[in-house]
Amino acid sequence: AEMDVDTIWMDGEYVDWEDAQIHVLTHGLHYGTGVFEGARCYDTENGPAIFRWDEHVERLYESCKPYEMEIDHEPAEITEATKTLIAEQDLASCYIRPIVYYGYKSLGVSPGDCPTRTAIACWPWGTYLGEDALENGIKVKISSWRKHSSSQIPTNAKTTGLYVNSLLAGEEARRNGFREAIVLNKEGNVAEGPGENIFLVRDGELYTPGLSESILDGITRDTVITLAEELGYEVHDNVSISRGELNTADELFFTGSAAEVTPIRQVDNVEIGDGSRGPITEEIQQRFFDVVNRRTDDHEEWFDYVDA
Ligand code: PMP
């Protein structure tokens, strides 16, 4: 296998890597009509534990709704397949990628009677933005590309086609020597990263763009809001954040299933705070990793154990 994957679950069957193929006239390939998830399974004392799996599965089904896509499998089967893939491939920790898409039947934009197809793959995936990123933070560039407005496409449905915008923003940033992008929404306010939500710290309080700012309703965003409030911080999660407010932030960080909690140390030419990971970011990050690695018994309800 090209990746560290032996087996992929496709439409109810466990398929060898080499055989996990689809037709070139697949609707989803031509029109971006797929929805997907990205979750992490952490290595814990009680074996591999999938973090907030129920929320990921729920979002997968909800992402289908605007496209009238009907998943041919019950959530329990998706869960069972995922756990089997993790157990059978002896993965201690991994990233989990379920995808649902229109397959091939006809090639009009209208999916007509195209079948809805489903696949799940799991693979070992280290730190998304680099090991150094978690400790020292990253440099990000405000993208010249704006985020899709939620009046143009439902941005709270995790749709494959949306990620063309993410690619444009991310690659533009990297071409210019930055690690990642920040994407503004159509109104010019801060929306999110290409694959991350964003938080701002100012005067000891946290701010994150509200759900009406054309963002994905991130599960890590929700996790961080919960953990920060438990640590005693005030969290403003229904605000608009202007571009200029980024410059005067004490701290900034990204959140995401892949990115986890990643500090941002510079935005364009401006150093944030003293240009390193801020203390509140560090505290929240520490708490996040204590929880996901099960160094605490708190929030047991967020974990689905593969070996249970
Ligand atoms: N925004 C976008 C555009 C994303 O792709 C992701 C990653 N799924 C996020 C935010 C973060 O969401 P989550 O914490 O649920 O992974």
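Computed from a predicted structure; not experimentally measured. Along each chain, numbering runs from 1 in the same order as the chain's sequence is written. Thresholds applied to this predicted model are a pLDDT of at least 70 for local features of residues and 80 or more for the giving and counting of side-chain atom pairs; totals over whole chains, interfaces and linings are not thresholded and use all residues.

**Some details on the site of the ligand**
Formally: Working rule for contacts: place C-beta from the backbone, and if it is within 6 Å of a molecule or strand, that residue counts as near it. Each helix is a run of H or I in the DSSP string that is no shorter than four residues. Each strand is a run of E no shorter than two, and both are numbered from the N terminus. Classification used: nonpolar for Ala, Val, Leu, Ile, Met, Phe, Trp, Tyr, Cys and Pro, charged for Asp, Glu, Lys and Arg, polar for all others including Gly.
Around the ligand, 13 residues are found, and the nearest of them are Leu216, Gly218, Ile219, Thr220 and Ser257. When residues of the shell around the ligand are assigned to their parent elements, the largest contribution, three residues, is made by helix α6 (residues 219-230). Grouping the constituent residues of the shell around the ligand by class yields two nonpolar, eight polar and three charged.

**Details of unusual backbone geometry**
For clarity, the cut-off: The burial label depends on the number of other C-beta atoms within 10 Å of a residue's C-beta. Counts of 20 or more mean buried, 12 or fewer mean exposed, and intermediate counts mean partly exposed, with C-beta atoms placed from the backbone.
The phi angle at Asp90 is positive, at roughly 55 degrees, despite the residue not being glycine. Its place among the elements puts Asp90 in the loop between α3 (75-88) and β6 (94-102). Unlike most non-glycine residues, Glu260 shows phi in positive territory, near 55 degrees. Relative to the assigned elements, Glu260 resides in strand β15 (residues 260-267). Classification of Glu260 as buried rests on a count of 24 C-beta atoms within 10 Å.

**Considerations on the domain arrangement of the protein**
Applicable threshold: Boundary definitions for the domains trace back to an automatic or database domain assignment.
When its domains are assigned, the protein resolves into domain 1 (7-123) and domain 2 (131-292). For domain 1 versus domain 2, the distance between C-alpha centres works out to 26 Å. Put simply, the parts of the chain that give the side of domain 1 that touches domain 2 at least two residues each are β3 (34-36), β4 (39-44), α2 (53-64) and β6. For the side of domain 1 that touches domain 2, the element with the highest residue contribution is α2, accounting for four residues.

**Considering the confidence of the model for the protein**
Rules: A residue's pLDDT is the confidence the predictor assigns to it, expressed on a 0 to 100 scale.
Per-residue pLDDT for the protein averages 97, and the proportion of residues at 70 or more is 99%. This complex was scored by the predictor with a pTM of 0.97 and an ipTM of 0.99.

**Comments concerning helix α5 (residues 163-175)**
Along an α-helix, residues three or four apart share an orientation, since each turn contains 3.6 residues. Stated formally: A helix is expected to span 1.5 Å for every residue after the first. Picture the helix axis, draw a direction to every C-beta atom, and the arc is the one those directions span. We call two residues in contact whenever the C-beta atoms placed from their backbones are within 7 Å.
With 13 residues, α5 should reach 18 Å at 1.5 Å per residue; the first-to-last C-alpha distance of 18 Å fits that figure. Taken together, the buried positions of α5 are Ala169, Gly170 and Ala173. In a view along the axis of α5, the buried residues occupy a sector of 90 degrees, so they form one face of it. Along α5, the residues that are exposed and aim more than 90 degrees away from the buried face are Val164, Leu167 and Arg175. The inward-facing, buried residues of α5 contact β8 (138-142) and β9 (180-184). Downstream of α5 by a residue or two, Gly177 has a phi angle that is positive, lying close to 90 degrees.

**Observations concerning the pairing of strand β5 (residues 47-51)**
Applied cut-off: Only when DSSP finds a minimum of two bridges between them are two strands counted as paired.
Among the five residues in β5, four count as buried, and that is most of the element. The pairing of β4 with β5 spans four bridges and is antiparallel. Along β5, the bridge assignment pairs Tyr42 with Ala49. Hairpin connection between β4 and β5: a loop of two residues separates the two successive antiparallel strands.

**A few points about the packing of α6 against helix α8 (residues 279-292)**
Stated precisely, the cut-off is as follows: Think of each axis as a best-fit line through the C-alpha atoms, taken over the contacting stretch in the case of a helix, with angles from 0 to 180 degrees between the N-to-C directions. Geometric relationships in this document are graded by angle, where less than 35 degrees denotes roughly parallel, more than 145 denotes roughly antiparallel, 65 to 115 denotes roughly perpendicular, and other angles denote oblique.
In the contact formed by α6 and α8, the axes pass within 10 Å of each other and the chain directions differ by 110 degrees. As judged from the angle between their axes, α6 and α8 are roughly perpendicular. The residues of α8 that touch α6, namely those facing Thr223, Val224, Leu227 and Ala228, are Ile284, Arg287, Phe288 and Val291. Here the residues of the contact of α6 with α8 are counted per class, giving six nonpolar, one polar and one charged.

**Remarks on the pairing of β15**
Of all eight residues that make up β15, seven are buried, and the element is covered over most of its length. Sheet analysis places β8 next to β15, joined by three bridges and oriented parallel. When the sheet's bridge partners are listed, Lys139 is paired in β15 with Gln266. Where strand β14 (residues 251-256) meets β15, five bridges bridge the pair, whose relative direction is antiparallel. Following the sheet pairing, Phe254 is matched in β15 by Thr262. The antiparallel pairing of β14 with β15 creates a hairpin that spans three residues between the two strands. Where β15 lies against strand β16 (residues 270-271), two bridges are found, and the strand directions are antiparallel. What sits directly across from Val267, in β16, is Val270. As consecutive antiparallel partners, β15 and β16 are separated by two residues, and within that stretch Asp268 has a phi angle of approximately 50 degrees, a positive value.

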